[in-house]
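Tertiary structure, described
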Amino acid sequence: MSEEIYHDMVNKRNQLKLRALLKELPAFCRDYFLGMETQTQSRTRIAYAYDLGIFFQFLHDNNPQCAKMDIKDYPLSILDQITPTDIEEYLSYLRYYVKGGKEYTNDERGLVRKLASLKSFYNYFFRMEKIEKNPAALVRLPKRHEKNITRFDVDEVVRFLDNVESGEKLTKRQQLYHEQTKTRDLAMMTLMLGTGIRVSECVGLNIDDVDFQNNGIRIFRKGGSESVVYFGDEVEKALKDYMEERKGMEALPGHTTALFLSMQKKRIGVRSVEKLVKKYAQTVTPLKHITPHKLRSTYGTSLYRETGDIYLVADVLGHKDVNTTKKHYAALEDERRRSAANKVKLREE
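Just so you know, these numbers come straight off a predicted model, no measurement behind them.

Right, let's talk about helix α6 (residues 108-127) for a bit. Taking 1.5 Å of rise per residue, the 20 residues of α6 would be expected to cover 28 Å, and the 28 Å separating its terminal C-alpha atoms lies within 8% of that figure. Listed in full, the buried residues belonging to α6 are G110, L111, V112, K114, L115, S117, L118, K119, F121, Y122, Y124 and F125. Taking the backbone nitrogen of R109 as reference, a side-chain oxygen 3.1 Å away marks D107 as the first, capping residue of α6. Positive backbone phi, at 60°, marks E129, one or two positions downstream of α6.

Moving on to the pattern of salt bridges. Enumeration according to the criterion identifies 16 salt bridges in this entry. The salt bridge partner of R198 is E201, with a shortest N-O separation of 2.8 Å. Ionic contacts of the salt-bridge type, sharing partners, join the residues D51, R113 and K114 into one network.

Now for the sheet that holds strand β3 (residues 210-211). Here three strands make up an open sheet; going across it, the order is β3-β4-β5 and the pairing antiparallel. Where the open sheet ends on each side, the last strands, each with one partner, are β3 and β5 (226-230). Both strand β4 (residues 216-220) and β5 contribute to a ladder of five bridges, which runs antiparallel. For R218, the partnering residue across the bridge sits in β5 and is V228.

Note on placement: L295 falls in helix α12 (residues 292-307). The spacing of L295 and T150 is 145 residues in sequence and 9.3 Å in space, taken between C-alpha atoms.

With that settled, consider the nonpolar core. F160 and F260 are the most contacted members of the largest nonpolar core, which has 43 residues in total. Listing elements by their share of this core, those giving two or more residues are α1 (6-22), α7 (154-166), α8 (172-195), α9 (199-203), β4, α10 (233-246) and α11 (270-282). It is α8 that contributes the most residues to this core, seven residues altogether. Other than its neighbours up to four places away in sequence, F260 contacts R184, A187, M188, L191, C202, L205, L239, Y242, K266, R267 and I268. Counting 38 residues, the second largest nonpolar core, distinct from the first, contains L18, L79, L118 and A136.

Relative to the helices and strands, T301 resides in helix α12. Under the relative-accessibility criterion, T301 is labelled buried at 3%. Every residue in contact with T301, bar those within four places of it in the chain, is listed here: R151, Y329 and L332.

Once that is clear, we can look at the packing of α12 against helix α13 (residues 310-317). Where α12 meets α13, the axes come as close as 9 Å, and the angle between the chain directions of the two elements is 150°. Classified by the angle their axes make, α12 and α13 are roughly antiparallel. Here the hand of the crossing between α12 and α13 comes out right-handed. Touching R296, Y299, G300, L303, Y304 and T307 of α12 are I310, L312, V313, V316 and L317, all from α13. The residue inventory of the contact of α12 with α13, partitioned by class, reads eight nonpolar, two polar and one charged.

So, how was this worked out
Residues numbered from 1 in each chain as written. Predicted model: local features only at pLDDT ≥ 70, side-chain atom pairs only at ≥ 80, totals over all residues. Heavy atoms only, no water. Helix = DSSP H or I, 4+ residues; strand = E, 2+ residues; numbered from the N terminus. Expected span 1.5 Å × (residues − 1). Buried < 20%, exposed > 50% of the residue type's maximum accessible area, 1.4 Å probe, protein only. Polar contact = N/O pair within 3.5 Å; in protein donor to acceptor, adjacent residues only side chain to side chain. Salt bridge = Lys/Arg side-chain N within 4 Å of Asp/Glu carboxyl O. Pairing = 2+ DSSP bridges. Core = buried A, V, L, I, M, F, W, Y, C linked by side-chain atoms within 4.5 Å. Contact = heavy atoms within 4.5 Å. Axes fitted to C-alpha atoms, helices over the stretch in contact; angles between N-to-C directions. Parallel < 35°, antiparallel > 145°, perpendicular 65-115°, else oblique. Left-handed = near helix turned anticlockwise from the far one by under 90°. Nonpolar A, V, L, I, M, F, W, Y, C, P; charged D, E, K, R; others polar.

Written as structure tokens, this is what we have:
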């Protein structure tokens, strides 16, 4: 029997996580998650369930009426008792709170996401005519200040890959492990920087997903759609070097088809790749917070600067809506528009 596709395995694992979260929520929440199942990813549903758990815990701790019942016993009618002011107080609470002896904070981005979860939740029951009021619709999303996209500069990419290959700037302890993983690490970093694939797409690759005849890799995008992404000569060399090494590796059962293996002979995980990127990036640019997603941003920036085609960038990065791409690369678009100012001559000098 062939091994389970990584994407399917992650979805099943997330489904179990969601079920565990739902056990701590009011019973009527299950209707909401069933209603959104076909339109959302499993990871999104987990995030929403987590957010709702915080909301109902806030109500239980701060609302005298809600405190009288166990959260799991809340009736659907409780949603009609919540006012816009209650929700605004909840947002204020989210900025800083302590739970289980641990401190939590939410910046603008976190507040926006948690309110968006609540708006979606209320919209569902209001649309289904199961509640009479929709207080969440009356609360405005917190204003978000756009941040500059963190990415590698061209010279930083060169130094980053050089250090992944040599390991010279790593600590003595890190260098011991580096000798065993440098070919794999260079293949992964070159692949992400050379194609813009997501870290989840990278770790989900199987050996037979790589096609050197066409220099392409088969990946599963967010939502499960299958796609082919093409790579250039630098990525080809790094992958071939690693795959030659991979032939001599013996993976544990259930991981034999995985392309990138951990030192434990299992498919490498997202968290492990995040740690690797951080380790190598800190030797190049300690002031920049570089993550696998920043490698993706670096690729998108380079591709847009080279082609000027925002639709191509959107397609290669797997953005379903080109407006998502435009939002991320708005500064570059403005830069290109400015450069057009003196391109057309109206009169000869």
